[in-house]
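# Close look at the chain arrangement
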Amino acid sequence: MAGIFEYLAGRVATDASLPLLLDVVIKGIVILMVAGGCGLALRRASAAARHLVWSLAFTSLVALPFCAVVGPA
């Protein structure tokens with residue numbers, strides 16, 4: 001089992017998909033920071049409004065890798 005993880009770790013480190021992975025991680029962090037800021041700004045708003053903000057944030061996190069692969073460079 002450890003051999004599989006070592007093989008995958010070696011493939012990720014040398015693969016050309018590393019810049020894509022880094023791009024997705026950075027964009028994901030930015031999305032979560034914006035959602036957190038909106039959540040703080042909506043502290044006094046209804047729970048439904050805060051729920052909408054976090055739902056949109058997590059939905060965009062799920063769609064982000066797909067859009068990074070399919071979208072323009």
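Computed from a predicted structure; not experimentally measured.

Here we take up the overall build of the protein. Along the backbone of the protein there are three helices and zero strands. Of the regular secondary structure in the protein, the N- to C-terminal order runs α-α-α. Counting only residues that meet the buried cut, the protein has 11% of its 73 residues in that class. A total accessible area of about 5800 Å² is found for the protein, and carbon and sulfur atoms account for 76% of it.

Core analysis: the largest hydrophobic core is formed by six residues, namely Val24, Ile31, Ala35, Val53, Ala57 and Leu64. Contributions of two or more residues to this core are made by helix 2 (18-41) and helix 3 (47-70). Sequence-distant contacts of Ile31, that is, excluding residues within four places in its chain, are made with Ala57, Ser60, Leu61 and Leu64.

This part takes up helix 2. Here helix 2 is 24 residues long and its end C-alpha atoms lie 35 Å apart, about the 34 Å a rise of 1.5 Å per residue gives. Residues of helix 2 that are buried include every one of Val24, Gly28, Ile31, Ala35 and Gly39, and no others. Of the surrounding elements, those touching the buried residues of helix 2 are helix 3.

With that settled, consider the packing of helix 2 against helix 3. As a packed pair, helix 2 and helix 3 sit with axes 10 Å apart at the nearest point and diverge in direction by 170 degrees. By the angle between their axes, helix 2 is roughly antiparallel relative to helix 3. On helix 3, the residues that touch Leu20, Val24, Lys27, Gly28, Ile31, Leu32, Ala35, Gly36, Cys38 and Gly39 of helix 2 are Arg50, Val53, Trp54, Ala57, Phe58, Ser60, Leu61, Leu64, Pro65, Ala68 and Val69. Residue composition of the contact of helix 2 with helix 3, by class: 15 nonpolar, four polar and two charged.

Conventions we followed
Residues numbered from 1 in each chain as written. Predicted model: local features only at pLDDT ≥ 70, side-chain atom pairs only at ≥ 80, totals over all residues. Heavy atoms only, no water. Helix = DSSP H or I, 4+ residues; strand = E, 2+ residues; numbered from the N terminus. Buried < 20%, exposed > 50% of the residue type's maximum accessible area, 1.4 Å probe, protein only. Areas by Shrake-Rupley, 256 points an atom, 1.4 Å probe, with all protein chains shown as cover. Core = buried A, V, L, I, M, F, W, Y, C linked by side-chain atoms within 4.5 Å. Contact = heavy atoms within 4.5 Å. Expected span 1.5 Å × (residues − 1). Axes fitted to C-alpha atoms, helices over the stretch in contact; angles between N-to-C directions. Parallel < 35°, antiparallel > 145°, perpendicular 65-115°, else oblique. Nonpolar A, V, L, I, M, F, W, Y, C, P; charged D, E, K, R; others polar.

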